[in-house]
Structures are given as structure tokens and as C-alpha cells.
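# Fold and contact review
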Amino acid sequence: MSVFIWTESVQKWKETVHLRVFFMSSLQIESVINSLSRLSKALMKVLASKLRNEFETPDFPDTKVSLMSEVTVHTKAKLVSIKVRVMVGLIVFTTIVVGGYFVQHLGKESDVEDEVVETRESTGSSDVITLPEGKMAKANFGTEFVEMQEVDHIHTVPGRLAYDEALHIEVKAPVSGVLLDVLVKPGDVVQAGQVLAIINSSEIGQARAALLNNEAKYQLTLKQMARVQEVTQNLEKLYELLGKDVAMDEIEKQFKDKTLGTYREQVMSAYAERFLAKKMYSASKSLSESGALSMKVHLERKKDLHVTDARFRSIQESTVYASKLKKQELEIELAEAERQVMIAEKHLQTLLGSVEEETKFMTGDSLSKTEICAPFAGTIESRFLARLERVRLSDVLFVLANTQSLYVLADIRENDWSVMSIQAGQEIAVEVPAIPGHLFTAKVHYIGRVVAIDSNSLPLVATIKNSDGLLRPGMFVRVEIPMAETVNVVAVPQESVLQHKDESFVFVKVNDHSFLKTDVKTGTSNEQWIEVTDGLELGQSIVSRGAVLLKSELLLAGEE
């Protein structure tokens, strides 16, 4: 029982030493080891005394030790001997382990302690950090002179990439029907006009048939109109020639190949009768005057002349009127046929989005088939239907997007409106955290006019080129928005200004090994520079690279 208590005490002492090891200096290592040695010797003496007490034989003044008592004493002596060996081994093992642990770890802690002591001893002020030569070499500090710099205030706001609305569409079914074939799959890059799918639709067939029928009527009316115009022109020329009393042979010769339609027989017959009556009247007139022909015959021939002339003029008037009337009627029919063609084209264009030139060559089953084509070059983002599925009007077949150009969406808060200096068409910088080290340029597309009620902000939309395909819709971005005009101010690099407990400060170089913590007040800033409104003077040398290390040294010195 006593050995167990002693072992537990040693264990607690070991834990206490382990906790205090980081507070001991290297100069105490030898003292600790000597103390452990003295402790082990003292424990050995205690154990020896305990063992002597265990081995003492009790006095029996008038009796002898029986054989059973001797066996018991020998057994007990053997057990105590085993306990002694175990305890001695534990003492030696503990001494070696603890001593080795001190030697290994306290050596490292002593170096750090020496440097801290050296820093403390060489520091004349709590705001001045003086470093030894070794630390100066390792830190590799960089310094900058306080100078006047042009600083334009840039406000960074979060944003997201999105599809360009004009280049992201749902390709829908123009009519109801059966999807005969699907020629693309998600991820395929397609060109403008490329066939994506083929639909068989009776509605398309009827629309095409109506268009073809109306076009045929229009063409027929157009031909009739051309013939009437030709006949009318030829009649005008004929009547002009007939007014000169040209002989029939000459008229037949000139109008042999001219188109006169049904008017040729009427006109030429009436003209021939009038021409004959005129010749007969002329002959009877001279004969009547000489008395060779009676006056009655002469008067009858004169009457015949008047009748044939009246008949000719009547036919002339009626043919001219009929030809003009026919022309007007055909003009009306032609206009109506043209309107019907336009209506059929518009209907087909509404169904398909365009009127195919090859419609006029379609026959039979081909009239009902229609090709769904890509309206612009892009990538198939998704597909919703498969081959031979029945589709209804406006069912979404594909989502097509062109990611060569994307939108940058951001919000401008109310408190930034008054100082915002940005307009449509202006270029702004965009940073994508997923692509470090790359700064993109976007062009402002528009700034919204309606304020969002939930965020009290205006939407900013910019377009960004994505020809290399690095950007994807939905990516988080940071948008740099210029908020004021460029000003010339006292400025230092951004990495020079440090923060602690809501205070801003820099380290001013005192000499090659010392640096003074100097509180400053800051103003306008951008990605590279930050304005200092108070605390520094032009020409002072401040730490830029490595300022964070000096801050750590300052905080450590403060804790001491």
C-alpha cells in the first residue's frame, strides 16, 4: 500500500514538472537533474528502511520458530525483494525520461527566452521594437518613403456572374407533334442555324400547304394580269393604226404575232366591213354623179357606210372598256392573292420563327416535318425530351446559351449613390476569387432605375468577355466601383497600415535595427494605396513588407 502511494506521488510530481517545463531556462537544467538524483537517493534510503522493518523477525522469548513460520517468512522476503527491484527500476526509468525531456525541450525554449530577454533589454520604449541581427536577416523587411500619390477611391461590392439575357434562351416546340429525332445532347457546341431536332406536325403541313396554294393563285393571277396588259397595249396600237384606214393586208401583217385575245375577230371583222363600205361608197359617188349609177343605190351604200362605221366604233369602245375592266379586276385579284400569301407566310413564320425558302419544293410527308434550328451559336445547357416523344406547343426542348459574354450583377447601396462616378459603357475591374491572380475587365451595361425594397440598392449590370471559357455563370465575384475623382494625397502602401483594437498604425524606421510604432489616421484608399491624413510626414521611411512581424513582436513585448 505504501509503495502504491509513493508511485502516485511520483506521477503527480512528474505532471507538475511537465507543466512547468516551459517556464524554466536552460541555466536550470543541471540543477533539475541534480535534484532528481538527490530525490532518487533519498527514496532508495526510505525503501531500504522499509525493507529492514519487513524482514525483522518477531521475538518469541520462550519458544522456537516452527517450520510453518519459516516458510511464511521466506515467501514474504521473496515478494518484498521483487517489489524492491520494480521500484528501483521505476525510479531509474523516470529519472532518465524526465531528464531527457528537459534536455530536448528546454534547449529550444532557452533560445526563444534569450531573444525575448535581449529584445526587452534593448528596448527603450514600449512603442519601439529593436531586433537582433539574426532576426533582421530572416525578416527581410521592405521599406517605402512617405510620398504624395494619386488615389482614386474604389469601392468593392460583391456580385455574381450570370447568363447574358440575350444569349440564353429556351428553345421551345413551335407546334404540337411528334419528336422524330434529337440531334444534340447537353454540352454540345452548336453553330447558328444548326439543326437540333425534327418534329412531325400536321399543323405545320397545313400551314405550308396554305402558303403553297396562295402562292400558286398569286402566280396565276399575275400571269393573267400580264396577258391583259399586253392585250390592252396591242389594242391601243391597233386602233391607232386602224384610224389611218390602213389596208387589211398591212394590218394582218403587222399584228400577226401580236396578242389580241378574243378581240381580234370582233375588231378585224367590224373594220373589214367598214373598210368595204367606205370603198363602195366612194365608187358609187363618182358613178352617181356621171349618171351611171342610180341615186338610190348611192344612198343605200352611204347608209351601209354609216352602219358599219357605227358598228366598228361600238366594238372599239366595248373592247377598250372590257380590256380596262378586266385589267382592274385582275389587279384586285392580284392584290388579294398577294395578301393571302403574306398571311400564310406570317402564320408559318409564327409557327417556325422563319419561312424556309425550300417550302416551295416540299411535297407529301415533307410538308409536315419541321427542323428546330439553333438561333445563334452556343452550347446546349440541357435537354428535356427524347426521340419519338409527343410534344405540345411551347414545350421546352433545349436550353441554349452562349457564354462568350456574361453578365456581372452587383448592387449599389444607397449611401454610395451620391459619390458614385460610373456611367454606362465605362470599364470596371472584376476579381474572381476562384481564379486568383487574374483581374478581369467588364463594361457597364446599365444601372437600374428601380430601387430594390429589401436591400435599398440599385442593380448594376455589366458585360464581361469570356472567350477563353474560364468564367461560369453563378461564380462569386468582387466588383470594383470608382466612387470619386482621383486626388493627390499623402499615401502609403496598403500593407504598411496595421490594425489593433480599432487603432491604425505604421512602423517608422528609426535605424537599421529599430522601428517606432506610429498611430495614423486614414482616408481614401484603393487596392494599392491608402491615404494618411494625420501621423506621418513626407520623406519618412516606413515598413511595408514584413510589418506584420513587427506587430507580433510588439504584442509579445506587451504581454511580458
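What you are looking at is a predicted structure, and each value in this text was computed from that prediction instead of being measured.

Across its full length, the protein carries nine helices and 24 strands. Taken across its 560 residues, the protein has 33% of its residues classed as buried. Of the contacts formed within the protein by residues at least 6 apart in sequence, a portion of 75% connects residues at least 24 apart. For the protein, the exposed surface amounts to about 35,100 Å²; the carbon and sulfur share of it is 54%.

Turning next to the sheet that holds strand β9 (residues 369–373). On the basis of which strands lie adjacent, the open sheet formed by four strands has the order β9-β8-β6-β11 and antiparallel pairing. Where the open sheet ends on each side, the last strands, each with one partner, are β9 and β11 (390–391). Two elements, strand β6 (residues 177–182) and β11, share two bridges in a ladder whose sense is antiparallel. Within β11, the residue paired with G177 across the bridge is V391.

The next thing to look at is the confidence of the model for the protein. When pLDDT is averaged along the protein, the result is 76, and 71% of the positions lie at 70 or above. In this model residues 54–75 is a low-confidence stretch, pLDDT under 50, and it forms six contacts with partners more than four residues away in sequence or in other chains.

All right, on to the pairing of strand β16 (residues 457–465) then. The pairing of strand β13 (residues 405–413) with β16 spans nine bridges and is antiparallel. When the bridges of β16 are listed, S405 appears paired with K465. With five bridges connecting them, strand β15 (residues 439–447) and β16 associate as antiparallel partners. Bridge assignment links I447 to a residue of β16, and that residue is L460.

Moving on, we get to the packing of aromatic side chains. Scanning the entire structure with this criterion turns up five aromatic pairs. With 6.4 Å between their ring centres and 75° between their planes, Y239 and F312 make a pair best called edge-to-face. One end of the pair, Y239, is in helix α5 (residues 202–242); the other, F312, is in helix α8 (residues 295–352), with 73 residues separating them in the sequence. The pair Y239 / F312 is uniform in exposure class, with both members buried. Every member of this aromatic cluster is reached through a ring pair, and the members are Y239, Y271, F275 and F312. Taking the ring centre of F505 as reference, the NZ or CZ of K517 above it sits at 5.0 Å.

Following the sequence through the fold, S201 ends up in the loop between β8 (195–200) and α5. In this structure the side chain of S201 is engaged in a polar contact, spanning 3.3 Å, whose partner is the backbone nitrogen of E203. Once residues lying within four places of it in the same chain are set aside, the contact partners of S201 are V175, S176 and S368.

Moving on: the packing of helix α7 (residues 263–290) against α8. It is at 8 Å that the axes of α7 and α8 come closest, and there the two elements cross at 155°. What the angle tells us is that α7 and α8 run roughly antiparallel. For the crossing formed where α7 meets α8, the hand is left-handed. For the contact of α7 with α8, the class distribution of residues is 12 nonpolar, eight polar and nine charged.

A separate point is the nonpolar core. Formed by 22 residues in total, the largest nonpolar core has its most connected members in L161, V408, I428, I464, L471 and V479. For this core, the secondary structure elements donating two or more residues are β4 (154–163), β13, β14 (427–431), β15, β16 and β17 (476–482). Top element by residues in this core is β13. It accounts for four residues. If sequence neighbours within four positions are ignored, V479 has contacts with H155, T156, V157, V408, A410, I428, A429 and L460.

Taken as a whole and assessed by the stated rule, the structure comprises eight salt bridges. Linking R311 and E273 is a salt bridge whose minimum nitrogen-to-oxygen distance equals 2.3 Å. Linking R311 in helix α8 with E273 in helix α7, this pair joins segments that are 38 residues apart in sequence. Of the residues examined, E273 reaches a relative accessible area of 32% and is grouped as partly exposed. Two residues, R313 and D309, come together in a salt bridge whose shortest N-O distance is 3.0 Å. Of the two residues, R313 and D309 are both situated in helix α8; the distance of four residues between them amounts to about one turn of the helix. On the basis of relative accessible area, R313 is assigned to the partly exposed category, the value being 46%. Overall, D309 belongs to the partly exposed group, its relative accessible area being 21%.

Before going further, it helps to examine the packing of α5 against α7. Where α5 meets α7, the axes come as close as 12 Å, and the angle between the chain directions of the two elements is 5°. By the angle class used here, α5 and α7 are roughly parallel. Mapping the contact onto sequence places V231, L235, L238, Y239 and L242 in α5 and Y263, V267, M268, Y271 and R274 in α7. Grouping the amino acids of the contact of α5 with α7 by side-chain chemistry returns nine nonpolar, no polar and one charged.

The alternating pattern of β9 places T370 and I372 on a buried face, while none of K369, E371 and C373, on the opposite face, is buried. Examined bridge by bridge, β8 and β9 share five bridges and lie antiparallel to one another. Each residue of the ladder has a partner; that of I198, found in β9, is E371.

Parameters and conventions
Residues numbered from 1 in each chain as written. Predicted model: local features only at pLDDT ≥ 70, side-chain atom pairs only at ≥ 80, totals over all residues. Heavy atoms only, no water. Helix = DSSP H or I, 4+ residues; strand = E, 2+ residues; numbered from the N terminus. Buried < 20%, exposed > 50% of the residue type's maximum accessible area, 1.4 Å probe, protein only. Contact = heavy atoms within 4.5 Å. Areas by Shrake-Rupley, 256 points an atom, 1.4 Å probe, with all protein chains shown as cover. Pairing = 2+ DSSP bridges. pLDDT = per-residue confidence, 0-100. Phe/Tyr/Trp six-rings, centres within 6.5 Å; stacked < 30°, edge-to-face > 60°. Lys NZ or Arg CZ within 6 Å of the ring centre and 35° of its normal. Polar contact = N/O pair within 3.5 Å; in protein donor to acceptor, adjacent residues only side chain to side chain. Axes fitted to C-alpha atoms, helices over the stretch in contact; angles between N-to-C directions. Parallel < 35°, antiparallel > 145°, perpendicular 65-115°, else oblique. Left-handed = near helix turned anticlockwise from the far one by under 90°. Nonpolar A, V, L, I, M, F, W, Y, C, P; charged D, E, K, R; others polar. Core = buried A, V, L, I, M, F, W, Y, C linked by side-chain atoms within 4.5 Å. Salt bridge = Lys/Arg side-chain N within 4 Å of Asp/Glu carboxyl O.

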